[in-house]
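Examining the three-dimensional arrangement
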2 protein chains.
Amino acid sequence: MSRALTPLQLAVLRLLADEQMHPYEMQQRIREHAIDQVVKVAHGSLYHAVARLAEDGLIEPVETSREGRRPERTVYAITGTGRDEARSRLREFMMRPVQEYPSFGMALSFVSMLPPAEAASLLDRRTVALEAKLAAHDTVVESLIKRGLARINVIEVEFLNSRLRSELDFVRALSEDIKSRRLDWRPPNGGDGEK
Amino acid sequence: MSRALTPLQLAVLRLLADEQMHPYEMQQRIREHAIDQVVKVAHGSLYHAVARLAEDGLIEPVETSREGRRPERTVYAITGTGRDEARSRLREFMMRPVQEYPSFGMALSFVSMLPPAEAASLLDRRTVALEAKLAAHDTVVESLIKRGLARINVIEVEFLNSRLRSELDFVRALSEDIKSRRLDWRPPNGGDGEK
DNA sequence: AGGCATATAGTCCACTTGGACTATTGAGCA
DNA sequence: TGCTCAATAGTCCAAGTGGACTATATGCCT
């Protein structure tokens, strides 16, 4: 394999593992199954990803149909190599945590740029937004379950929710610590004199 | 403001808010203060980010020194606009959670491509890696505290750790559920007949 | 029957990213 | 003293991303 499969490419392979389809249909399935909650899918990038997969022989065009005078659609199918590569990449993602850069972590590391009172009030606003997200996820899960999906097929939402709840706890506690002055607001570098 | 500040640009402004410096020094500070744990800093991207900040008038060159025959270094300082923009962007990051795409969430949503026994074993390997990460963070925090930093300046590591612990709990529980067959491994789409 | 919004299907390009490359200086050591 | 390795300081470019753009068909409202 020349280069490692991106999450989007893996998503494409995952869909094609079930049945062959054309790019636009992939996009629809991705929305239906809420895959766009866990993989960033920019309309433009999808076609690019598919093209590269074809170049590398992980998928191949099987037919080009056309309806009316609309642009023709190329239907792709997964190859044996594609199946193998997909599984192997998936194993990696499962067992090895990849370094991530959550923007809230970044924001926290710069929070001393703001006065404590303001920081606390921003955190309180965040809790509201987080609660809304949790509620939204619950709605999504319900609708997917109703469509007959088993728990294994919505397990990623369980994960995202456990993460959201943990962040919620953290944010609430931090806001309290700030308001009660348990967290002192020393300026950065307050304490080291070396250059 | 033409375009929203990227995390890396915000980091640059954060550093320049304390004192003026040249790009390479930024990189050193970033390593020292472990900012590269929360912001992705690719050597090449830093110079680009600085150039754009200068274009937009958020920072400005104040002097160009040179030592020996090494390439000249341009020292930059933050401007008033820069300070304002940085604070405003920081506020946004604090109060509004941004959509993120954790690759483990993605992997989970595709896990039914693997047999259950293998999935469980991969999850077990993941727990080991997560424990190692937690331990590593503890070491980092200790060393930073020893250098005289207050809790507020390592608060982001607390956040990352609470997140790691929550993931660890989730992964352990999931692995148990799989091994004990509490989670049934129906094939995807098992149950919906509509096309 | 005409008109507007939306779904279908895809291309194109400006901007980022991040890895590879260049080149000089200082430190360690044999 | 000469050699190598690491640190210093930065440029350059191939590849990827995602938003803007094009163009047809269909459903709905009036």
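Computed from a prediction, not measured in an experiment: that's the story for all the values here.

Remarks on the protein's contact with DNA strand D
Looking at DNA strand D, there are 18 residues lining it, with Lys 40 of chain A together with Tyr 24, His 43, Glu 72 and Arg 73 of chain B nearest. Within 4 Å of the protein, the atoms of DNA strand D are drawn from sugar and phosphate moieties in a proportion of 68%. Taking His 43 of chain B, its side chain carries an N or O atom lying 2.5 Å from a base nitrogen of DNA strand D. The element contributing the most residues to the surface near DNA strand D is helix α3 (residues 43–55) of chain A, with four residues. When its residues are assigned to classes, the surface near DNA strand D shows three nonpolar, seven polar and eight charged.

As for the interface of chain A and chain B
Listed by partner, the interface residues are 77 residues for chain A and 77 residues for chain B. Buried surface at the junction of chain A and chain B, both sides included, amounts to about 7700 Å², of which 66% is carbon and sulfur. The interface formed by chain A and chain B holds six salt bridges in total. Two residues, Asp 177 of chain B and Arg 151 of chain A, come together in a salt bridge whose shortest N-O distance is 3.3 Å. The tally of links from chain A across to chain B stands at 14 residue pairs in polar contact (both at pLDDT 80 or more). Counting residues per element, the side of chain A that touches chain B draws most heavily on helix α7 (residues 155–179) of chain A, which supplies twelve residues. When the residues that make up the side of chain A that touches chain B are grouped by side-chain class, the tally is 41 nonpolar, 14 polar and 22 charged.

Regarding empty space enclosed by the protein
Residues and elements named next belong to chain A. Applying the stated criterion across every chain yields a total of five cavities of 30 Å³ or more. Here the second largest cavity is characterised by a volume of approximately 50 Å³. Looking at the lining of the second largest cavity, the elements with two or more residues in it are α6 (116–146) and α7. Considering every element that reaches the lining of the second largest cavity, the biggest residue donor is α7, with three residues. Counted by class, the lining of the second largest cavity contains five nonpolar, two polar and one charged residues. Shared between two domains, the lining of the second largest cavity holds at least three residues of each, these being domain 1 (7–95) and domain 2 (103–179).

Remarks on the domain arrangement of chain A
Residue and element names in this part refer to chain A. As far as domains go, chain A holds domain 1 (7–95) and domain 2 (103–179). Relative placement of domain 1 and domain 2: their C-alpha centres are 31 Å apart. For the pairing of domain 1 and domain 2, the buried interface totals around 430 Å² over both sides, and the portion due to carbon and sulfur atoms is 58%. Taken together, the connections running from domain 1 to domain 2 amount to zero salt bridges. Our count for the contact surface shared by domain 1 and domain 2 stands at one residue pair in polar contact (both at pLDDT 80 or more). Across the side of domain 1 that touches domain 2, the residue classes break down as two nonpolar, two polar and one charged.

Side note on the environment of Ile 78 of chain A
Residues and elements named next belong to chain A. Relative to the helices and strands, Ile 78 is located in strand β2 (residues 73–78). For Ile 78, a relative accessible area of 14% translates into the label buried. In sequence terms Ile 78 and Met 21 are 57 residues apart; their C-alpha atoms lie 9.7 Å from each other. With residues up to four places along the chain from it excluded, the contact list for Ile 78 reads Leu 13, Leu 16, Ala 17, Leu 58, Ile 59 and Arg 83.

Focus: the pattern of salt bridges
By the definition in use, this model includes 30 salt bridges over all chains. As a salt-bridge pair, Glu 25 of chain A and Arg 29 of chain A come within 3.0 Å of each other at their nearest N and O atoms. Here Glu 25 of chain A pairs with Arg 29 of chain A, and both are found in helix α2 (residues 23–32), just four residues apart, close to one helical turn. With a relative accessible area of 16%, Arg 29 of chain A lands in the buried category. Between Asp 124 of chain B and Lys 179 of chain B there is a salt bridge, and its shortest N-O distance comes to 2.8 Å. Of this pair, Asp 124 of chain B sits in helix α6 (residues 116–146) while Lys 179 of chain B sits in helix α7 (residues 155–179), and the two are 55 residues apart along the sequence. A cluster of three or more residues bridged by salt bridges with shared partners is formed by Arg 151 and Glu 158 of chain A together with Asp 177 and Arg 182 of chain B.

What to know about the relation of the copies chain A and chain B
By a simple turn and slide, chain A fits onto chain B: the slide is 0.0 Å along the axis, the RMSD is 0.0 Å, and the turn is 180°. Both copies are brought into coincidence by an operation consistent with a two-fold rotation axis. The fraction of interface residues of chain A whose copies in chain B are also interface residues reaches 100%, indicating that both copies meet through the same surface.

A short note on the packing of helix α4 (residues 80–95) of chain A against α6 of chain B
Where α4 of chain A contacts α6 of chain B, the two axes come as close as 7 Å, and the packing angle between them is 40°. Accordingly, the angle class assigned to the pair α4 of chain A and α6 of chain B is oblique. Across from Arg 91, Phe 93, Met 94 and Met 95 of chain A in α4 of chain A, the residues of α6 of chain B making contact are Glu 118, Ala 119, Leu 122, Leu 123, Arg 125, Arg 126 and Ala 129 of chain B.

Re the environment of Arg 126 of chain A
Within the fold, Arg 126 of chain A resides in helix α6. Through-space distance from the C-alpha of Arg 126 of chain A to that of Arg 172 of chain A is 9.3 Å; in sequence the pair is 46 residues apart. With sequence-adjacent residues up to four places away left out, Arg 126 of chain A is seen in contact with Phe 104, Glu 167 and Val 171 of chain A together with Phe 93, Met 94, Met 95, Arg 96 and Pro 97 of chain B.

About the thresholds
Residues numbered from 1 in each chain as written. Chains lettered and ligands numbered in written order. Predicted model: local features only at pLDDT ≥ 70, side-chain atom pairs only at ≥ 80, totals over all residues. Heavy atoms only, no water. Near = heavy atom within 4 Å. Polar contact = N/O pair within 3.5 Å; in protein donor to acceptor, adjacent residues only side chain to side chain. Helix = DSSP H or I, 4+ residues; strand = E, 2+ residues; numbered from the N terminus. Nonpolar A, V, L, I, M, F, W, Y, C, P; charged D, E, K, R; others polar. Contact = heavy atoms within 4.5 Å. Buried area = accessible area lost by both parts, 1.4 Å probe. Salt bridge = Lys/Arg side-chain N within 4 Å of Asp/Glu carboxyl O. 1 Å grid on protein atoms, 1.4 Å probe; cavity = no way out; pocket = protein on both sides within 12 Å on 5 of 7 lines; lining within 4 Å. Points joined across faces, edges and corners; volume = space filled by probe spheres on them. Domains from an automatic or database assignment. Buried < 20%, exposed > 50% of the residue type's maximum accessible area, 1.4 Å probe, protein only. Least-squares fit on C-alpha atoms with pLDDT ≥ 70 in both. Axes fitted to C-alpha atoms, helices over the stretch in contact; angles between N-to-C directions. Parallel < 35°, antiparallel > 145°, perpendicular 65-115°, else oblique.

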